[in-house]
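# Notes for the structure review
Here is what each chain is made of, one letter per residue.
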Amino acid sequence: MINLILFGPPGSGKGTQAAKLVEQFKLVHISTGDLFRYEMSNNTPLGLEAKAYMAKGALVPDSVTIGMLRNKVETHPDAAGFIFDGFPRTIPQAQALDALLAEKGTEVTGLLALHVDDEEIVQRIKLRGATSGRADDNDENIIRNRINVYKNETSPVFDYYALQGKSQSINGIGEIEEIFERLSAAITQLQ
Ligand code: AMP
């Protein structure tokens, strides 16, 4: 099994690249942001709970997020592997993921972190906001808050997996195809 964490700040291209990578490597893509948006659009209790946090650009509490992730993984018992996009975003989430995969007799294969500087991120997200319809993409203060949350709460996850020798940085600037080639080359090395 190959279990990848596609890591990086909001707007670094994780969703775009994950969609291409699952095709190439036949993996299941799990984006916790997409799962929350789906729950929100259906007005489920989980969606309603997540909504206030997402609107501020804050993280949804770990207990909620970890439970949702676990349920999603359980719906794919025959997966050849997963690409986790936007998860884990905290150390407790990383520990929960490690425990979940250990139960299945597997582990995180590698974490690939897309590097994009802050100003480029703000520009990219604003551009995306014009078509995504996402409230959190259309307010510069919220965008900057999401970047700060990434730096303060999420970036320690890179170090957590670096201690296991699993973290790699990938240049996230360039054409979509170019970045895809960088990621594909890194994944091929891991297989
Ligand atoms: P994303 O689509 O990954 O940018 O996520 C959008 C929003 O969903 C984030 O700003 C958070 O409010 C929430 N979210 C997504 N994934 C997580 C996670 N792993 N932990 C906590 N909150 C999350």
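Below or above, wherever it landed, is the structure these notes cover. (Residues numbered from 1 in each chain as written. Predicted model: local features only at pLDDT ≥ 70, side-chain atom pairs only at ≥ 80, totals over all residues. Heavy atoms only, no water.)

### With respect to the overall build of the protein chain
Under the convention used in this document: Secondary structure elements follow DSSP: runs of H or I of four or more residues count as helices, runs of E of two or more count as strands, with numbering from the N terminus. Two things to know: the radius of gyration comes from C-alpha atoms, and the globule rule equals 2.2 Å times the number of residues to the power 0.38. The cut-offs for exposure are 20% and 50% of the maximum accessible area for each residue type, with area from a 1.4 Å probe on protein chains only; residues under the lower value are buried, those over the upper are exposed, and the others partly exposed. The criterion used for residue contact is that any of the two residues' heavy atoms lie within 4.5 Å. Per-residue and other accessible areas follow the Shrake-Rupley method at a 1.4 Å probe size, with only the shown protein chains counted as cover for residues. Note that His is not counted, nor are the chain ends; the positive residues are Lys and Arg, and the negative ones are Asp and Glu. Note on charges: their place is set at NZ of Lys, CZ of Arg, CG of Asp or CD of Glu.
Within the protein chain one finds nine helices and five strands. In sequence order, the protein chain lays out its α and β elements as β-α-β-α-α-α-β-α-β-α-α-α-β-α. Over its C-alpha trace the protein chain gives a radius of gyration of 16 Å, about what one expects of a compact globule, namely 16 Å for 191 residues. With respect to the principal axes defined by its C-alpha atoms, the protein chain has extents near 40 × 40 × 30 Å. Counting across all 191 residues of the protein chain, residues that qualify as buried make up 46%. Nonlocal contacts in the protein chain, meaning residues at least 24 apart in sequence, comprise 73% of its contacts between residues at least 6 apart. A total of about 9300 Å² of accessible surface is found on the protein chain, and carbon and sulfur atoms cover 52% of it. Charged side chains of the protein chain number 19 positive and 25 negative; the gap between the two group centres comes to 3 Å.

### Let's talk about helix 9 (residues 176–190)
Filter applied, for reference: Working rule for helices: expected span equals 1.5 Å times residues minus one.
Helix length check: helix 9, at 15 residues, gives a terminal C-alpha distance of 21 Å against a target of 21 Å (1.5 Å per residue), a fit within 8%. On the buried face of helix 9, the contacting elements are strand 1 (2–7), helix 1 (14–25), strand 4 (110–115) and strand 5 (167–171).

### Quick look at the side chain of Thr-90
Let me state the cut-off plainly: A 3.5 Å cut-off defines polar contacts: any pair of N or O atoms within that distance qualifies, except that in protein one atom must be a possible hydrogen donor and the other a possible acceptor, and neighbouring residues in sequence count only when both atoms are side-chain atoms.
The residue Thr-90 is located in the loop between strand 3 (81–85) and helix 5 (91–103) in this model. Looking at Thr-90, its side chain comes within polar contact range of the main-chain nitrogen of Gln-93, at 3.1 Å.

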